[in-house]
Amino acid sequence: MAPAVAVGLAALRPDRARAIALQLGAEAGSAEEAAADEALWQLVREAFAIDPGIVNLNNGGVSPAPEGVLASQLRRLTAANRAPAHTLWRVQGPERERVRRQVAEAFGCDAEELALTRNTTEGMVTVQLGLELEPGAEVLTTSQDYHRMIAAFRQRERREGVVMRQVALPPADAGEGAVVRAFDEAITPRTRLILMCHVINLNGRILPVADVVRAARQRGVPVAVDGAHAFANIPFSHADLGCDVYAASLHKWLCAPVGTGLLYVRRELIPRIWPLLGAREELDSDIRKFEEIGTHPEAAVLAIPEALAFHDAIGARRKHARLLHLRNRWARRLAEHPRVRLLTDLRPGAAIGLATFAADGIDPREMVAELWQRHRILVAAIAHPEVRGVRVSPSVYTTVDELDRFCAAVEELLDRAG
C-alpha cells in the first residue's frame with residue numbers, strides 16, 4: 001500500500017483502517033468484479049458516519065466526508081482557534097503549499113498552475129469575470145451548463161456588452177462528433193472563450209472535452225471546463241483533456257470537506273485573468289492571486305490530503321466502476337416501469353454514475369418531496385427546459401439494499417398515483 005494511502009486510512013479508527021486497508025489491498029480482480037463485491041463496499045461504508053435513517057442519493061450536490069477527513073479538519077480547526085493570528089498565518093498558511101502540490105499531482109498539472117478554491121463556481125466565475133473581453137466579444141457555452149456560470153456571462157452581457165452564445169447539445173445518440181461540430185460551427189471571429197462541462201450536472205452526460213479542445217485550439221479559442229462532476233469520479237488527468245482552464249469541487253466525488261475546490265489555469269493564461277478580489281501587482285503571473293480572499297479558515301483545505309488518500313485506497317477505476325454498478329441497478333429496474341423514462345444514456349462511456357429519470361404524470365418536485373417525507377430518501381429535482389426529472393446520485397458508501405428501497409418507494413408512489 002502506498003504511504004499516502006496508509007496515512008489517510010490511519011486517520012480512521014484503527015480497527016476500521018486496518019480492515020479497509022487489508023481488504024482493498026487484497027482485491028486483485030478487475031474493477032468491474034470489485035464493483036459487485038458488497039463485502040468490500042460495506043467496509044468502505046464504515047469509514048463514513050452515516051445516518052441510518054436517511055438514504056442519501058444526492059451526493060452529486062455535496063458528499064459527506066469520511067470520518068478520518070473530518071477528524072483531520074477538526075484537529076486543524078481546533079489548533080487554529082487557540083491562537084489564530086499565529087496558527088493561521090504562520091503555521092497553517094505555509095502548509096497550503098504541500099496540499100497544492102498533492103492536488104496538482106492528482107490532477108496531473110504543475111503546482112504553479114493550480115489554485116485551491118472553495119468550489120467549482122468560484123473557480124469558473126473567476127475566469128469568466130476575470131478574462132478581459134471587449135464589448136461585442138463572444139463567449140460560447142451550452143444550453144445545459146450550470147446556472148451559476150450562465151448567470152456570470154449574463155452579468156457581463158448586461159454590464160459590458162459581451163455576447164453569450166449557447167450551443168444546443170445534440171442528442172446523446174448523435175455521437176461525440178456531433179457535439180464537436182456544434183461547438184466548431186458556433187465559433188466566429190469574435191469568439192474569445194468556450195466554457196463547457198466535462199459532465200452535465202442535469203443527467204450525468206459526459207462530453208468529449210479533448211475533441212472540443214483540439215478543434216477550438218485550431219481556431220485560437222481557449223476552453224474552460226466545468227469539472228464539478230468529473231474529478232474523482234472519472235479516471236483521467238489533465239493531459240487527457242488539454243484544456244486551458246479546469247475547475248472542480250472537491251466536496252463532491254472526492255469526499256473532501258465542504259468548501260474545497262480546485263482551479264487549474266494554463267501558465268500562459270494566468271497573467272490575462274484578473275482575480276475576483278484585488279491582488280498585488282507582483283502576483284499578476286502567480287496562480288496564488290486567485291486565492292486572495294482575505295482571512296479564512298485553512299482547516300478544510302489542509303484535510304484534502306486525507307480525502308485524496310482515501311480515494312487512492314479505493315482506486316479510481318474501482319470507484320468509477322462501483323458508481324456505474326449502483327446506477328445501473330436502480331436505473332434498469334425503474335426503466336422497466338411503463339411510466340418511467342430514463343433521461344441518461346446508460347451505454348458505456350456515455351455518462352457517470354449519476355442519472356436522471358422522469359415519471360409520466362408526476363412533477364419531479366412532488367416526487368422528491370414525497371420520497372423525503374414518507375421514506376427519508378434524499379434525491380434532487382431537475383427542472384431544466386431540456387431535462388426535467390429526478391436526479392439520483394449514489395456514492396461509494398451507498399448499499400444495494402438502499403437502492404432497492406428507493407426503487408420500491410418510487411414504484412409504490414407510481415402505483416398510488418394511478
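In case you missed it, the structure is sitting above this.
Residue indices follow the written sequence of each chain, beginning from 1 at its first position. Local features in this predicted model are restricted to residues of pLDDT 70 or higher, and side-chain atom pairs are both shown and tallied only at a pLDDT of 80 or more, whereas totals for entire chains, interfaces and linings draw on every residue. Excluding hydrogens and water, the side-chain values take into account all heavy atoms of the structure.

Here's the deal with the overall build of the chain
By definition, any uninterrupted DSSP run of H or I lasting at least four residues is a helix, any uninterrupted run of E lasting at least two residues is a strand, and each is numbered from the N terminus. A count of helical and extended segments in the chain gives 15 helices and 13 strands. Radius of gyration means the value over C-alpha atoms here, while the globule rule gives 2.2 Å times the residue count to the 0.38 power. In terms of overall size, the chain behaves like a compact globule, its C-alpha atoms giving a radius of gyration of 22 Å where 418 residues would be expected to give roughly 22 Å. Whether a residue is buried, partly exposed or exposed follows from its accessible area with a 1.4 Å probe, protein chains only, as a fraction of its type maximum: under 20%, in between, or over 50%, in that order. Scored against the burial criterion, the 418 residues of the chain give a buried share of 57%. Contacts spanning at least 24 positions in sequence make up 70% of the contacts within the chain whose residues lie at least 6 apart. Of the side chains in the chain, 51 bear a positive and 53 a negative charge, and the two mean positions are spaced by 2 Å. Any two residues whose heavy atoms approach within 4.5 Å are treated as being in contact. This count recognises Lys and Arg as positive and Asp and Glu as negative, with His and chain-terminal groups excluded. By convention, charge coordinates are those of NZ in Lys, CZ in Arg, CG in Asp, or CD in Glu.

Side note on the sheet that holds strand β7 (residues 245–249)
Sheets are built from strands that pair by backbone hydrogen bonding, the pairs being arranged parallel or antiparallel. Read from one edge to the other, the open sheet built from seven strands follows the order β2-β8-β7-β6-β5-β3-β4, with strand pairing classed as mixed. Either end of the sheet is taken by a strand with one partner, and the two such strands are β2 (114–117) and β4 (163–167). Ignoring strand direction, the axes of neighbouring strands in this sheet form an average angle of 20°. For two strands to be treated as a pair, DSSP must find at least two bridges joining them. Bridge count for strand β5 (residues 191–197) against strand β6 (residues 223–226) is four bridges, and the pairing is parallel. Paired with Leu195 across the bridge in β6 is Ala224. Every angle, taken between N-to-C directions, lies between 0 and 180 degrees, and every axis is a line fitted to C-alpha atoms, over only the stretch in contact when it is a helix. This element, helix α8 (residues 147–160), spans β3 (138–142), β4, β5 and β6 of the sheet and lies at about 145° to β4. Docked against the sheet, helix α9 (residues 176–186) engages β3, β4 and β5, running at close to 155° with respect to β4.

Description of the packing of aromatic side chains
For this analysis, a ring pair means two rings from Phe, Tyr or Trp (six-membered ring only for Trp) whose centres lie within 6.5 Å, classed as stacked if their planes differ by under 30 degrees, edge-to-face if by over 60, and tilted for the remaining angles. Under the counting rule described, the total for this entry stands at ten aromatic pairs. A ring pair is formed by Phe48 and Tyr397, whose centres lie 5.1 Å apart and whose planes are at 50°; its orientation type is tilted. Taken together, the positions of Phe48 in the loop between α4 (38–45) and β1 (55–56) and Tyr397 in the loop between β13 (388–392) and α15 (400–417) put the pair 349 residues apart, joining distant regions of the chain. Comparing Phe48 with Tyr397, the two get one shared label, buried. With a centroid separation of 5.7 Å and an interplanar angle of 45°, the aromatic rings of Phe236 and Tyr246 are classed as tilted. Linking Phe236 in the loop between β6 and β7 with Tyr246 in strand β7, this pair joins segments that are ten residues apart in sequence. With respect to burial, Phe236 and Tyr246 carry one shared label: buried. The structure contains a cluster of three or more aromatic residues connected by ring pairs, namely Phe107, Phe231, Phe236, Tyr246 and Tyr264. It is Arg376 that lies over the ring of Trp372; its NZ or CZ is 4.5 Å from the centre. Geometrically, a lysine NZ or arginine CZ counts as sitting over a ring once it is within 6 Å of the ring centre and also within 35 degrees of the ring normal.

Structural notes on the pattern of salt bridges
Whenever a carboxyl oxygen of Asp or Glu lies within 4 Å of a side-chain nitrogen of Lys or Arg, that contact is scored as a salt bridge. Counted according to the given criterion, the structure contains 35 salt bridges. Residue Arg288 is joined to Glu112 by a salt bridge in which the shortest nitrogen-to-oxygen separation is 2.8 Å. With Arg288 in the loop between β8 (261–265) and α11 (299–302) and Glu112 in the loop between α6 (84–107) and β2, the pair connects residues that are 176 residues apart, well separated along the chain. Of the charged contacts in the structure, one is a salt bridge between Arg365 and Asp363, with a shortest N-O distance of 3.2 Å. What makes Arg365 exposed here is its relative accessible area of 52%. A single salt-bridge network, built from bridges that share partners, covers Arg96, Glu97, Arg100, Glu112, Asp286, Arg288, Glu291 and Glu298.

Some points on a nonpolar patch on the surface
A cluster of nonpolar side chains, namely Leu129, Leu276 and Leu277, defines an oily patch on the protein surface of about 240 Å² accessible area. Among the secondary structure elements, Leu129 is positioned in helix α7 (residues 120–130). A patch consists of residues whose relative accessible area exceeds 30% and which take part in no salt bridge; residues with like charges are grouped when within 9 Å of each other, and nonpolar side chains (Val, Leu, Ile, Met, Phe, Trp, Tyr) when within 5 Å. Note on areas: Shrake-Rupley, 1.4 Å probe, and residue coverage restricted to the protein chains presented here.

So, the sheet that holds strand β10 (residues 355–359)
Taken together, four strands build an open sheet; the order of strands is β9-β10-β13-β12 and the sheet is antiparallel. With one partner strand each, in any of the chains shown, β9 (340–342) and β12 (380–383) form the two edges of the open sheet. Each strand of the sheet is rotated relative to its neighbour by a mean of 35°, with strand direction disregarded. Relative to β13, β12 is paired through four bridges, and the arrangement is antiparallel. Counted as the bridge partner of Ala383 is Arg388 from β13. Its contacts with the sheet put helix α13 (residues 316–335) on β9, β10 and β13, and the angle it makes with β9 is roughly 135°.

A short note on the nonpolar core
Residues Phe231, Tyr246, Leu254 and Ile304 are the most contacted members of the largest nonpolar core, which totals 61 residues. Counting residues in hydrophobic clusters, the runner-up holds 27 residues, among them Val340, Ala355, Met367 and Leu413. Among buried residues, those of type Ala, Val, Leu, Ile, Met, Phe, Trp, Tyr and Cys that are joined through side-chain atoms within 4.5 Å constitute a nonpolar core.

Focus: the pairing of β6
Judged by which residues are buried, β6 turns out to be covered on both faces: Val223 and Val225 on one side and Ala224 and Asp226 on the other are all buried. Note on the crossover from β5 through helix α10 (residues 209–218) to β6: the handedness is right-handed. With strands facing away from the observer, any crossover in which the path from the first strand over the helix to the second runs clockwise is taken as right-handed.

Remarks on the packing of helix α5 (residues 67–82) against α6
Interaxial distance between α5 and α6 falls to 7 Å at its minimum, and their mutual angle equals 145°. Of α6, the residues touching α5 (which contributes Arg76, Ala79, Ala80, Asn81 and Arg82) are Pro84, Thr87, Leu88, Gln92, Glu95 and Arg98.

Concerning the pairing of β10
In terms of burial, β10 is largely enclosed, as five of its five residues are buried. Where β9 lies against β10, three bridges are found, and the strand directions are antiparallel. Its bridge partner being in β10, Leu342 is matched across the sheet by Phe357. Examined bridge by bridge, β10 and β13 share three bridges and lie antiparallel to one another. Directly across from Ala355, in β13, lies its bridge partner Val392.

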